[in-house]
Structure formats: C-alpha cells, structure tokens
Amino acid sequence: MGTVLQVAGLRTHFQSAEHRITAVDGVSFEIAQNEVLGLVGESGSGKSITALSILKLLPSNGVSSADVMQFQGDSLLTASPQRLREIRGKEIGLIFQNPLAALNPVLTVGEQLLETLTLRGGLSKREAKEKAIALLDQVNIPDAARRLGDYPHQFSLGMCQRIVIALTLSLTPKLLIADEPTASLDVTVQAQVMALLKDLQRQHQMSMLLISHDLGVIAQNCDRVMVMYLGRIVEIGTPEDIFLTPKHPYTQALIRAIPATDPRQKQVFDALKGEIPSPLAIPSGCRFHTRCPMAEPRCRQEDPALRACGKAGHLAACVLAGGF
Amino acid sequence: MISGRVGLFFRTPGAWFGVLVLGLIVGLATVGPLVFSVDPHGFNLTVSQDLQAPGTAFWFGSDDLGRDLFLRCVHAARISLMVGSAAMLVALLIGCGIGLLSGYVGGWVDGILMRFVDVLMGLPMLMVLLIVQAIFKPGMESVILIIGVSGWMGIARLVRAETMSLRERNFVLVARARGLSEWRVALHHILPNAMRPVLVSAFLGIGHAILTESVLSFLGLGIQPPNVSWGGLLNNSLSFIREAPWMTLFPGGLIALTIFSLQLVGDGLRNSLEGDR
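Each chain carries its own residue numbering, running from 1 in the direction its sequence is written. For naming, the first written chain is A and the first written ligand is 1, with later ones following in the order written. Predicted model: local features are reported for residues with pLDDT of at least 70 only, side-chain atom pairs are reported and counted for 80 or more only, and whole-chain, interface and lining totals are derived from all residues. Excluding hydrogens and water, the side-chain values take into account all heavy atoms of the structure.

Engineer: Explain the overall build of chain B to me, please; I cannot follow it from the model alone.
Structural biologist: The number of helices and strands found in chain B is eleven helices and zero strands. A helix here means a DSSP run of H or I that spans at least four residues, while a strand means a run of E at least two residues long, and both kinds are numbered starting from the N terminus. The helix and strand sequence of chain B, counted from the amino end, reads α-α-α-α-α-α-α-α-α-α-α. For every residue, the accessible area (1.4 Å probe, protein chains only) is compared with the maximum for its type, and the residue is labelled buried under 20%, exposed over 50%, or partly exposed between those bounds. Across the 277 residues in chain B, those meeting the buried criterion constitute 47%. For chain B, long-range pairs separated by at least 24 residues make up 74% of all intrachain contacts whose partners lie at least 6 apart in sequence. Accessible surface, chain B: about 13,300 Å² in total, of which carbon and sulfur atoms supply 71%. Contact criterion: two residues are considered in contact whenever any of their non-hydrogen atoms come within 4.5 Å of each other. The method behind every accessible area is Shrake-Rupley, applied with a 1.4 Å probe, and residues are considered shielded solely by the protein chains displayed.

What follows is the structure in structure tokens.
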C-alpha cells in the first residue's frame, strides 16, 4: 500500500495583536492508500486545525508550516494556488461537522451539486443533473429527482449530512478528511451516516482521516488511531493498541471516561482533573503533566518524543511508556 | 392570518398603506401617460385657463401656461421614479462590487477602499453634485449617473460587513474546500446571502435618490425642459407660490407621499426578509 499523505513537523499558529497561539505543534503522520486513520482528542486539541492546515484553508490570521507535506508525491507546501485549488475537492475532500452550516442556505441542494459537478467535475448540465440524482440516490435520499429543488433547511440534519457526503464524494477524492462527521446527529442517525461513509470509502478505495472525539466511532471504523493533546500527537497505534493496551496516561484517562451502558455495572468516573490548559500558557516539559495522575518531577522538565512501546507501530510520547 | 414572509410583511404597521399608495403612484406613472393622451407639455393658449385653482376641469389646477397640473404630475412621476430607481441601481452595482471586494479580500485592499468611502462620505455631497452637474451637460443620464455614483457608500459598507461575517461561515469554507474559485465563492455563495439587508436598504435608498433628484431639479440642474420631474415642477412653482399654491403643494405632496410609502414598504420588506433570522 502506497502512502497517500505524508505530513511531518506540521506547526500552525494564530497571530492576534498581543498573542501568538500555537494550535498545532509538530504533528507528523502518514496515511496509506485505503487506510482510515482516526484522530481523537478533546475540544481545543488542534484536530480541526490540523485538517484545515493540510488544505491550506486556515482563517486569515492562521499561519502553518511543515517540514514535509506530500500528497501523492506532490508537495502541498510549494503548490501554487491554482494547483491547490485543483487538489481541493478532487484529490482531498473535506466533510465538516454541522452539516446544515456546511450547505449554503440560499442555494438549493441541486444548485450546489450541479455547480460542483459542472465547474469541478467538468460535466455538462444534463450529465451533471443525472449524476446529481444518482449521487443522492446513493446516499439514500428518497425521491432524489424532486428534492434537488429543495433548500437545505427543508431536510433533516441526518439528510443534510448525507447530502454533504454526496457533494464531497461527487468529485471522488482520493483522500477524505471527515471532521466530526456525526457529532451533531442523533445516535441512530450517527450509525447510519457512519456506515454509509465507511461503505463509500471502501467502494471508492479512499483513504480517510476521521476526526472525532467519540471513541466509539473511532474504535469501530479506523485502521489506525492517533491521540492528540494540546497540539501534539501523544499516541499512535492500531485500535487494539489504543483501546486495549493504551500506553499514554492521557489515552488511558480518555478510555476510562467512556460511560458503560450496563446500569448494574457500578462505574467510578475518573474524569480528567481540570481543563485542557490554555494554548497561551502551554505547560513546560510534558504538556500533560498538569493533569496527569502519574506525573513525576521529571515530567515538568522533560518533553518526551513519540517512541516505540511494545508492538511495532505503537508509539507513545511519555517517559513512562514501555515502563508498565 | 397570512403566514410566512408575506404575513410578516403585511403585519408591519403601515405596510398596507405603503403598498396601496405606491401602487397607485407607480400605476399612474406607468399607465397614465398612455391614457391621458393630451400633450402635457403643450402650451394652452387660452389665457383664461392660466393658474386655474383645482376643480373639475383641472383636478390639480393648472400652471402659469394653462397646462393641466395633474397630467404634468403624472408625467413627472414617471421621470422621478425612473431616475430614482435607476440611480439606486447604479449605486447598488457599485456598492455591491466595492463592498464585496473589500470584505472578501480584506487586508490593505479593504483598508484603502474603506478610507476612500470615508472620504466620500465626509464630502458635502450636495455641493459636489451641484458642481459636477454645473460642469456636465444636465440630462437624464447624467442625473442618474451622478446620483448613483454619489450614493453607493452606505451599501458598500453594508455589503462589506455582511461579507466579512459570511466569509467565516462554514459553507464558505466548504465551498472553497470543494475547489471552487474565489470568484465563484464570492459571487455565488457570499453575495446572495448578503443581499437581504442590502435589498431593504436599496429600497429605502430609492426614496433618497428621488429626493436628491428633486433637489437638483429644483435648483434647475436636474432634468431639463420640456421633460419635467417633481422637483422641476416645484422649481416652476416658486414664482407663483402666492397666487397658485397648488403648484407647490401637489408635486411637493407627491414627493413626500412617495418617500413615506417607500419607507413603509421598506420596513415591511425588512420584517419579512430578516424577521426569521
């Protein structure tokens, strides 16, 4: 399996008048063809910013740099704006959280699909219309031909997300970045949408970067998982590695915080102490030491890099990793 | 109770009245000149018909040349409304273009354009209009252009503000993530979303444009005879204000009534377009 996307040393910061906020601080990872790579972490850990940095769609005060950012052999760092525009949509697709906000409220769903298919897909108006209907059929929108004329607010949230999926997949990207694709949906709809997404991913042989704070979604759908904390990757491994033998205390804490569904099972929630520190005051040494139940004095000074622990491909950034 | 946007519109106080009056005036201005086939500008040489008070013969009275003031007002309505709307259209085009550019591109482009707007807004516009009109040959086209070119700044600011907030919305980000060009995103995704408040403001701006045209014509620098606008009628009435006050009252009243109705309809539009936001 070839590597589709390779990122090394990705750093993104936001510059305001007084502050410089580092949102992503030295993130490196690879996504292989057909692979689903999960990215988990609390809100504010830099997951979405990582995604936007890859597509160079940061807000205007955001600046990102990287040592390597290769997409199928093309460097995204040196790509011209035209080339980037070519890559966006056709090569790398983006699905965002809150599907209703991702659709233009004053354009019909049909207009948005046709626009994408004609301007980006190079189809004629008639071909595009047929394709649009087929796409909506594919994502299980009933009565697709008629509903092309409807506006986003006339659909349910779950349907909107399926429309967004149709819109994104209409250009058959090689890599799909799905940022919290199911976060705003009901649990049952979540399962449907996720199943659809996974199905289409397999069908089109896409790679996927699946961003979520829902460990269940991650565990069920990913080939590999990255855990992110305060702009850094703290652990990478297969779902088995991460969920069965987590090495980083942060990962362990995340997993302990999953509620059990069995009411008879007494559960002591061992939620993380405190909140994620402000990116304005990143702790010295290991970033997690302020909340870590196992912190030692040296954690305040030493900033551990990712290193192998146990199985091949299982990496954790903790001085204690491998020690248990 | 009527629901939806139409309901919201007609629940606005006075919206009914505004639509009724405006409909009547626009209707008369459109159909009137076709129905009353008498040439409104032709002199009436029967001296006894000069400066007749309003009555059954002349509904609005007659002017110093014995012309039917009602017919003159109907013809003038056509010109006033047309000049007002056309000037607003010019202002709308310029304002949307500059506002969109400024809000979407941002940075130094925004800085320069908005300082330019500040400077223009700081100018005593009437003076500038008078000077410009005095230099160029007065005529319908030049009046439209001048009022339009001098009145786009408010719209530009509005469009810019809307654009800046829309630019940060997810659907804009996602449209760009689909690889649509910046032009496409700005014109097809941002502009239509910015149009609601802009349309309301433009509608209200028609009233302002009509007023500006009236002032220009009143000062003799607007529409030139034999064509006449409401402002021109007022100008004409000035010398007879004691003997024939109706020559002032009717055109002046029409200007006031039209602008008042435009306000009422504009308020209704605002409620119906923005009420659900």
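Engineer: Sorry if this is basic, but what is going on with the interface of chain B and chain A here?
Structural biologist: One frequently used descriptor of interface size is the decrease in accessible area upon assembly of the parts. Between chain B and chain A, the residue contacts involve 16 residues of the former and 24 residues of the latter. Once two parts are joined, some of their accessible surface, as seen by a 1.4 Å probe, is lost; buried area is that loss totalled over both. Here chain B and chain A share an interface that buries about 1,900 Å² over both sides, 59% of which is from carbon and sulfur atoms. Looking at the side of chain B facing chain A, the largest losses of area belong to Leu 173, Ala 177 and Arg 178 of chain B, adding up to 31% of the total buried there. When a carboxyl oxygen of Asp or Glu lies within 4 Å of a side-chain nitrogen of Lys or Arg, that pair is called a salt bridge. Our enumeration of links across chain B and chain A arrives at two salt bridges. Measuring nitrogen to oxygen at the nearest pair gives 2.8 Å for the salt bridge that ties Arg 184 of chain B to Glu 115 of chain A.

Engineer: Would you take a moment to explain the side chain of Glu 235 of chain A for this structure?
Structural biologist: Residue and element names in this part refer to chain A. Checked against the element boundaries, Glu 235 lands in strand S11 (residues 232-237). At 7.4 Å, Lys 247 is the nearest oppositely charged side chain to Glu 235, a buried residue that forms no salt bridge. Any N or O atom pair separated by 3.5 Å or less is treated as a polar contact, with the protein-specific requirement of one donor-capable and one acceptor-capable atom, and with residues adjacent in sequence counted only for side-chain atom pairs. Looking at Glu 235, its side chain comes within polar contact range of the main-chain nitrogen of Lys 247, at 2.9 Å. Positive charges come from Lys and Arg alone, negative charges from Asp and Glu alone, with His and the N- and C-terminal ends not counted.

Engineer: Can you walk me through the pairing of strand S8 (residues 175-179) of chain A in this structure?
Structural biologist: Along any regular strand, the residues point their side chains to alternate faces of the sheet. All names here are of chain A. Among the five residues in S8, five count as buried, and that is most of the element. With burial as the criterion, each face of S8 is covered, one bearing Leu 175, Ile 177 and Asp 179 and the other bearing Leu 176 and Ala 178. One ladder, built from five bridges, connects S8 with strand S9 (residues 207-212); its direction is parallel. Within S9, the residue paired with Ala 178 across the bridge is Leu 210. The handedness rule is simple: strands pointing away from the viewer, and a clockwise path from the first strand over the helix to the second, make the crossover right-handed. The β-α-β motif built from S8, the intervening helix H8 (residues 187-203) and the parallel element S9 has right-handed crossover chirality. DSSP-based pairing: two strands are paired if at least 2 bridges between them are found.

Read these as geometric descriptors, not functional statements.
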